[in-house]
Amino acid sequence: MRRAFALLVAALLPGALAVPAHAADGDGEFTIRDPRITESSGLAASRQHPGIYWTHNDSDDGAYLYAVDSRTGETVATITMTGVGSPRDVEAISIGPDNRIWVGDIGDNLGGTWPHVWIYRLPEPKTLRDHSIRATQYVVKYSDGARDAESLVVHPKTGRVYIVDKDEKGGHLYEGPAALSPGGTNVFRPVAAVPDLEATDATLSPDGEHLVVRSYFGAVAYDWNGGRIKRKERLGVPFLGQGESVTYTADGTKLMFGAEGADSPVEPQDAPGGSGSAPAEGGSSSSGEGAGGEGLSGDLKTGAIAAAAALVVMVGLRRLRRRD
């Protein structure tokens with residue numbers, strides 16, 4: 001489905017939407033230049049290595065993680081995870097306490113039919129070079145049945161793991177056990193609704209107080225509230241193609257939005273509550289409205305052509321999903 005989506009976007013939107021430029025510093029816009037990374041499906045800002053972002057391919061790649069330098073867009077380290085078998089559908093990555101990397105092999109393109117999914121945990125290397133690192137593997141099930149998911153976050157203080165499932169009608173935030181067990185099945189339970197979003201990624205602020213959940217065309221910010229999240233505001237996102245990833249920067253001042261595809265772009269925006277952040281719901285905004293009210297980026301100059309093109313893309317995506 002994702003390749004068909006890319007072809008549809010390429011055919012319909014050449015020049016329809018322009019993305020604004022940003023300063024090319026450590027947390028500025030960049031392009032992932034590694035030819036091996038064609039389906040970047042998650043981003044996580046390193047706290048140990050300033051300006052470094054961890055990413056991974058969606059599927060059919062192997063147990064690999066890539067450290068990308070945002071100043072150049074080049075991969076500066078490749079991690080091969082050992083002890084995890086063959087990953088099935090890696091969709092998310094997060095940094096937890098003690099610089100531990102958490103990887104969510106939680107996708108289910110069959111619509112939620114696999115009896116379990118996996119989460120992997122490994123230490124972030126102190127030196128950026130190619131490594132093979134043994135990871136701990138956790139078996140995960142949901143209390144209310146199998147489902148597709150692409151969003152995983154780890155609380156930066158408690159280390160508790162959360163998943164947001166992917167449903168075009170809206171999903172839920174699932175909470176894992178206080179400590180995951182590598183020797184048994186870890187049951188995740190729904191603790192809060194995440195309505196009006198088909199979640200493709202999520203991120204927690206470095207202080208653990210704010211959650212952002214994104215979809216293909218929009219995002220929503222929440223107060224964390226101990227995991228019983230409270231909706232704060234709708235955010236615009238830059239249109240970069242198939243929008244699959246988001247992470248807070250290490251200092252928490254910006255959000256970095258990414259997409260799948262070869263030479264995929266990553267764009268920063270001010271984090272909610274900071275200078276230049278998107279207005280709260282009910283306030284004025286230049287962002288357009290996508291399916292389910294998801295807003296396009298307020299920085300984009302939307303007009304009739306852009307709105308019509310985005311609508312056609314979204315309709316095409318829905319049709320492609322029904323055929324998958």
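All values reported here derive from a predicted model rather than from experimental measurement.

J.: I would appreciate a short explanation of the environment of Gln48 in the present structure.
T.: Relative to the helices and strands, Gln48 is located in the loop between strand 2 (40–45) and strand 3 (52–57). If near-sequence neighbours (up to four positions away) are discounted, Gln48 is found in contact with Asn99, Glu124, Pro125 and Lys126. A distance of 3.5 Å separates the side chain of Gln48 from the backbone oxygen of Pro125, its partner in a polar contact.

J.: What is the right way to look at the pattern of salt bridges in this model?
T.: Side-chain pairing between opposite charges can occur once the charged atoms of the two side chains come close. On inspection of all chains with the given rule, the structure shows 8 salt bridges. The residue Asp69 makes a salt bridge to Arg71 at a minimum N-O spacing of 3.0 Å. Note on Asp69: relative accessible area 14%, which makes it buried. Taking the shortest distance from any N to any O, the salt bridge between Asp270 and Lys254 comes out at 3.2 Å. Here Asp270, found in strand 21 (residues 265–270), pairs with Lys254, found in strand 20 (residues 254–259); they are 16 residues apart in sequence, far enough to count as distant. For Asp270, a relative accessible area of 30% corresponds to the partly exposed category. The class of Lys254 is partly exposed, set by a relative accessible area of 27%. Shared partners join several salt bridges into a network, and the residues in it are Asp144, Arg147 and Asp165.

Criteria and thresholds
- Residues numbered from 1 in each chain as written.
- Predicted model: local features only at pLDDT ≥ 70, side-chain atom pairs only at ≥ 80, totals over all residues.
- Heavy atoms only, no water.
- Helix = DSSP H or I, 4+ residues; strand = E, 2+ residues; numbered from the N terminus.
- Contact = heavy atoms within 4.5 Å.
- Polar contact = N/O pair within 3.5 Å; in protein donor to acceptor, adjacent residues only side chain to side chain.
- Salt bridge = Lys/Arg side-chain N within 4 Å of Asp/Glu carboxyl O.
- Buried < 20%, exposed > 50% of the residue type's maximum accessible area, 1.4 Å probe, protein only.

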